[in-house]
Amino acid sequence: MLYHALLLVSTLTVFFSFVLVYKVTVLEDDISKLRGDISNLKPHSNESTDGMRTGMSRTWERSKQAASLNSQQQRQTEKDSQTLCSSTASSQTLGSPTASSLRMKQEPAGCSGGTLVVQQSFLQLSANTKEQPFVRGNVTVIPWTVALHQGEAISSTGDRIIIQQEGLFIVFGQVLLQSPGTIMGHIVRSRGTGQRSTELLRCLQEMPQTNCANTCYTGGMVKLEREDELELVIPDRPQAQVSMDADSTFFGIIRLN
């Protein structure tokens, strides 16, 4: 009975040994196949990685080329704009003799943002501190000196403003009067070629008995013709006392169109 049991155990041991050897062999074959598959996959993986890197490199190069092209186009556009601005400025400088008078000009974009540029002719005279008012006929004349001047539409000679181009103008004048106890004032009048003078503006001011210093200011818009002459005078006051400070007594004009 014991013999049969030992024989059975030995038989089972041998059987399981064969089974175990078979399993190990199969497992080794599977491992070998797996290694072969992995070896086959490695070149493809390297090729995919290299292809991806090559594609990214090409994309980067294209991006750099596009950025460089855009930069060159922008610089060329700026150069063209500057050239156009210079040409515009040259044509305005070398154009008609009235280029500096009041008018509206639209500059190209890039010169001043496409905004409208307005250039005006104007002239302001200030009291000449080196001289004193003088009487001429029934008016007192104030000697002037040029304080500000731009454009060729307006000029001055002596104590008068000369209109070189017709149009609408703003005329203004102020006198600091210092005569006590009387009515003082001034007028602005114009005279055309071969015409009598025309009063354009008038200012009157009552003067105090003491501390007699009072400004008289007037201004308005008028239409003037070429060769009209304007003057600011104090009528019927031969003894008029006037401050000759430049910031107190002045006479000016601005062309509007």
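Summarised in this report is the structure supplied together with it.

Reading the values: the criteria
- Residues numbered from 1 in each chain as written.
- Predicted model: local features only at pLDDT ≥ 70, side-chain atom pairs only at ≥ 80, totals over all residues.
- Heavy atoms only, no water.
- 1 Å grid on protein atoms, 1.4 Å probe; cavity = no way out; pocket = protein on both sides within 12 Å on 5 of 7 lines; lining within 4 Å.
- Points joined across faces, edges and corners; volume = space filled by probe spheres on them.
- Helix = DSSP H or I, 4+ residues; strand = E, 2+ residues; numbered from the N terminus.
- Nonpolar A, V, L, I, M, F, W, Y, C, P; charged D, E, K, R; others polar.
- Disulfide = S-S within 2.5 Å.
- Buried < 20%, exposed > 50% of the residue type's maximum accessible area, 1.4 Å probe, protein only.
- Phe/Tyr/Trp six-rings, centres within 6.5 Å; stacked < 30°, edge-to-face > 60°.
- Salt bridge = Lys/Arg side-chain N within 4 Å of Asp/Glu carboxyl O.

Things to note about empty space enclosed by the protein
Per the stated rule, a full pass over the model turns up one cavity of 30 Å³ or more. Roughly 40 Å³ of volume is contained in the largest cavity. Looking at the largest cavity, the residues that line it are Arg160, Arg189, Ser190, Arg191, Ser197, Glu229, Leu230 and Glu231. Of all the secondary-structure elements, those providing two or more residues to the lining of the largest cavity are β10 (183-191) and β13 (229-235). Considered class by class, the residues forming the lining of the largest cavity number one nonpolar, two polar and five charged.

Concerning the state of the cysteines
A full pass over the atoms with the stated rule returns one disulfide. Put simply, Cys203 and Cys216 are joined by a disulfide, and their sulfur atoms are 1.8 Å apart. Its torsion about the S-S bond being -115°, the disulfide of Cys203 and Cys216 is classed as left-handed. Note that Cys203 is positioned in strand β11 (residues 198-206) and Cys216 in strand β12 (residues 214-224), a separation of 13 residues in sequence. Both residues of the pair, Cys203 and Cys216, count as buried.

Digging into the packing of aromatic side chains
Counted by the stated rule, this structure contains two aromatic pairs. Geometrically, the ring pair formed by Trp144 and Phe251 is tilted, given 5.9 Å between the ring centres and 45° between the ring planes. Here Phe251 lies in strand β14 (residues 250-255) and Trp144 lies in strand β6 (residues 144-150), a separation of 107 residues in the sequence. This pair shows no difference in class: Trp144 is buried, exactly as Phe251 is.

Digging into the pattern of salt bridges
Summed over all chains, the structure comprises eight salt bridges. Note that Arg160 and Glu231 form a salt bridge whose closest N and O atoms lie 3.5 Å from each other. Separated by 71 residues along the polypeptide, Arg160 in strand β8 (residues 160-163) and Glu231 in strand β13 bring together distant segments of the chain. In this structure Glu231 comes out as buried when scored by relative accessible area, which is 4%. The shortest N-O distance in the salt bridge between Glu199 and Arg202 comes to 2.8 Å. In this structure Glu199 comes out as partly exposed when scored by relative accessible area, which is 39%. If you follow the salt bridges from partner to partner, you end up with Arg136, Asp159, Arg160, Arg189, Glu229 and Glu231 in one network.

Bear in mind that shape data such as this cannot, by itself, settle questions of function.
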